[in-house]
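Analysis of the macromolecular model
Each chain, letter by letter, is given below.
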Amino acid sequence: MVRAFVLLALGGADPPATPGHAPSSPAPCRLLYARTFGTPPRPGGPPRQRLRRKEELLAVARQVASQCQLLQSSLGRPSSPQLPQLPDEPISLQDAPGGLFQLPPGDPFPERTTVAWLSVLALAFALVCDPQENLSLAEITLRRLAPRLLVSLRLLGPGADVLLRPETADLLLDRLLPHGQMLFLNERFLQAMDREMGIKASR
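Residues numbered from 1 in each chain as written. Predicted model: local features only at pLDDT ≥ 70, side-chain atom pairs only at ≥ 80, totals over all residues. Heavy atoms only, no water.

1. Points about helix 4 (residues 187-197)
Here is the rule we go by: Partly exposed describes any residue whose relative accessible area lies between the buried limit of under 20% and the exposed limit of over 50%, with all areas from a 1.4 Å probe on protein chains only and scaled to the type maximum. Secondary structure follows DSSP: runs of H or I at least 4 residues long count as helices, runs of E at least 2 residues long count as strands, and numbering of each begins at the N terminus. Directions pointing from the helix axis toward each C-beta atom define the arc. Residues count as neighbours in contact if any of their non-hydrogen atoms are within 4.5 Å of one another.
Taken residue by residue, helix 4 has Leu-190, Met-193, Asp-194 and Met-197 as its buried positions. Seen along its axis, helix 4 keeps its buried residues to an arc of 100°; they face one direction. In helix 4, the exposed positions that point more than 90 degrees away from the buried face belong to Arg-188, Arg-195 and Glu-196. Of the surrounding secondary structure, the elements contacted by the buried residues of helix 4 are helix 2 (135-150) and helix 3 (166-176). One or two steps after helix 4, the chain reaches Gly-198, where phi turns positive at roughly 70°.

2. A short note on the side chain of Thr-168
Checked against the element boundaries, Thr-168 lands in helix 3. The exposure class assigned to Thr-168 is buried, which follows from its relative accessible area of 13%. Thr-168 has contacts with Ser-152 and Met-197, leaving out every residue within four places of it along the chain.

3. Notes on the nonpolar core
Applied cut-off: Working definition of a nonpolar core: buried Ala, Val, Leu, Ile, Met, Phe, Trp, Tyr and Cys residues. They are joined through side-chain atoms within 4.5 Å.
Of all hydrophobic cores here, the largest spans 34 residues; its most connected members are Phe-5, Val-120, Phe-125, Leu-127, Leu-145 and Leu-177. At the level of elements, strand 1 (2-9), strand 2 (30-36), strand 4 (113-120), strand 5 (123-129), helix 2, helix 3 and helix 4 are the ones that each hand at least two residues to this core. The greatest single-element share of this core, amounting to 7 residues, is contributed by helix 2. Membership of the second largest hydrophobic core comes to 19 residues, among which are Ala-61, Ala-65, Phe-101 and Ala-126.

4. Structural notes on the environment of Leu-7
Along the chain, the position of Leu-7 falls in strand 1. The spatial distance from the C-alpha of Leu-7 to the C-alpha of Ala-34 is 6.3 Å, given a sequence separation of 27 residues.

5. Focus: helix 1 (residues 46-74)
The condition is simple: Multiply 1.5 Å by the residue count of a helix minus one, and that product is the helix's expected span.
For helix 1, which comprises 29 residues, the first-to-last C-alpha distance of 42 Å matches the rise-based estimate of 42 Å (1.5 Å per residue) to within 8%. Burial in helix 1 covers these residues: Arg-53, Glu-56, Leu-57, Ala-59, Val-60, Ala-61, Val-64, Ala-65, Cys-68 and Gln-72. Where helix 1 is buried, its residues meet strand 1, strand 2, strand 3 (98-103), strand 4 and strand 5. Phi turns positive, to about 75°, at Gly-76, one or two residues after helix 1.

6. Observations concerning unusual backbone geometry
Although it is not a glycine, His-179 sits at a positive phi angle of roughly 55°. Within the secondary structure layout, His-179 lies in the loop between helix 3 and helix 4. Looking at His-179, the relative accessible area reads 70%, which means it is exposed.

7. Here we look at the sheet that holds strand 5
Rules: Note on pairing: DSSP must find at least two bridges between two strands before they are called paired. Helix axes are fitted to C-alpha atoms over the stretch in contact, other axes to C-alpha atoms as well, and angles between N-to-C directions run from 0 to 180 degrees.
The strand order 2-1-5-4-3 describes an open sheet built from 5 strands, whose pairing is antiparallel. The open sheet has two edge strands with one neighbour each: strand 2 and strand 3. Direction aside, the axes of adjacent strands within the sheet are offset by 20° on average. Where strand 1 lies against strand 2, 6 bridges are found, and the strand directions are antiparallel. Considered in strand 2, the bridge of Val-6 is made with Ala-34. Each of strand 1, strand 2, strand 3, strand 4 and strand 5 is contacted by helix 1, which is oriented at about 60° to strand 4, the strand it contacts most.

8. Here we look at the confidence of the model for the chain
Short version of the rule: The predictor attaches a confidence to each residue, called pLDDT, with possible values from 0 through 100.
Mean pLDDT over the chain: 78, with 73% of residues reaching 70 or higher. Across the chain, element-level confidence peaks in strand 5 with a mean pLDDT of 94 and bottoms out in strand 6 (residues 153-155) with 59. Scored below 50 in pLDDT, residues 14-18 makes 5 contacts in the model with residues more than four places away or belonging to other chains. Residue range residues 155-161 is modelled with pLDDT below 50. Its contacts to residues more than four positions away, or to other chains, number 19 contacts.

This is the structure in C-alpha cells:
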C-alpha cells in the first residue's frame, strides 16, 4: 500500500558566497501538495494530528529534495530553485531522473517505508510505500501522475511560486491510487480518463 504522495518544489543548492558577505543558506524545498492514505488515528485532537502529519510529510519532502540534489550534483547539474516556464505542450518524462530510498521506523512513519521519487524541472513527485510494495509499479505510477499533475500547475510569477489545483490532484489520485492501492492500468483506461478530465498528458 502507498502511505503518502507528496509533490514539492525543490530548493536550490548552496548559492555562491558574495565577497564580503556570509554565504547564503540554500533555498528550502516547499511542499505544494500532499495526501496520506490509510493512516490510523494518532493520539491528540484533530488540530494536533494535522500538525503532526504536516511535520511528517515535510520531513519526507526534505529527504526527497536532498536525494534529488545529490543525484543532480553527481551528474554535474546542480539544482536550481528557479522553476522554468512550464511548457504549454506535454513534455516527455522518458529521461526524468528518479530513485528509491528507505526511511527507517520512526523517521517519520512508525514502520519502515520505501520512497520512490521522480524529478521533473524543479519539482519532485514521491510515493511513500510499504516495504513489500511493487516498486516497479510505483515508478510507473509516478510517471503516469507527473505529466498529468504538471498540466494542473500554474506559475504565479518568476521563481518557484506555483499554484496547484488541488481538486484536480485529488481526482487524479482517486483514479490512479484509489485508497492508496496502485493499479495495473492499460492505455485505453488512461486515455478515457484524460478525455473525461480534459487532460493532455505526455505518453
